[in-house]
Amino acid sequence: MTVYDRSELIHRAIDTLTDTLIQESIIVALVCALFLMHVRSSIVVIALLPLGVLFSFILMRTLGINSNIMSLGGIAIAIGK
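Reading guide: rules and limits
- Residues numbered from 1 in each chain as written.
- Predicted model: local features only at pLDDT ≥ 70, side-chain atom pairs only at ≥ 80, totals over all residues.
- Heavy atoms only, no water.
- Helix = DSSP H or I, 4+ residues; strand = E, 2+ residues; numbered from the N terminus.
- Expected span 1.5 Å × (residues − 1).
- Buried < 20%, exposed > 50% of the residue type's maximum accessible area, 1.4 Å probe, protein only.
- pLDDT = per-residue confidence, 0-100.
- Axes fitted to C-alpha atoms, helices over the stretch in contact; angles between N-to-C directions.
- Parallel < 35°, antiparallel > 145°, perpendicular 65-115°, else oblique.
- Left-handed = near helix turned anticlockwise from the far one by under 90°.
- Contact = heavy atoms within 4.5 Å.

(A) Layout of helix 2 (residues 39-63). The terminal C-alpha atoms of helix 2 lie 36 Å apart, and with 25 residues this matches the ideal 36 Å at 1.5 Å per residue to within 8%. Listed as buried for helix 2 are Ser-42, Leu-49, Val-53 and Met-60. Looking one or two residues past helix 2, Gly-64 carries a phi angle of roughly 80°, positive in sign.

(B) Representation of the confidence of the model for the protein chain within the structure. Here the protein chain averages 78 in pLDDT, while 83% of its residues score no lower than 70. Ranking the elements of the protein chain by mean pLDDT puts helix 3 (residues 69-80) last, at 65, and helix 1 (residues 7-36) first, at 82.

(C) Representation of the packing of helix 1 against helix 2. As a packed pair, helix 1 and helix 2 sit with axes 8 Å apart at the nearest point and diverge in direction by 155°. With respect to each other, helix 1 and helix 2 are oriented roughly antiparallel. Here helix 1 runs over helix 2; the crossing is right-handed. Every residue of helix 2 that contacts helix 1 at Leu-17, Leu-21, Glu-24, Ser-25, Val-28, Ala-29, Cys-32 and Leu-36 is listed here: Ser-41, Ser-42, Val-45, Ile-46, Leu-49, Pro-50, Val-53 and Phe-57.

Shown next as structure tokens:
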């Protein structure tokens, strides 16, 4: 049986997802602070970004969907939009 080691690819996808979350959090905080002049609004939105990813993984686990490289890429694209 042939087995392919894709652990490096998965680690890079997780790093990309983490970087995207950090970038989105910074951008949202700046936009909320600049346009709304309200810090609590930016904190709420920043807290919801990682929670959205967490809930998607919880639903994937509950529904029996494997967390593979395609699902990580889809979540990263969804967050980036």
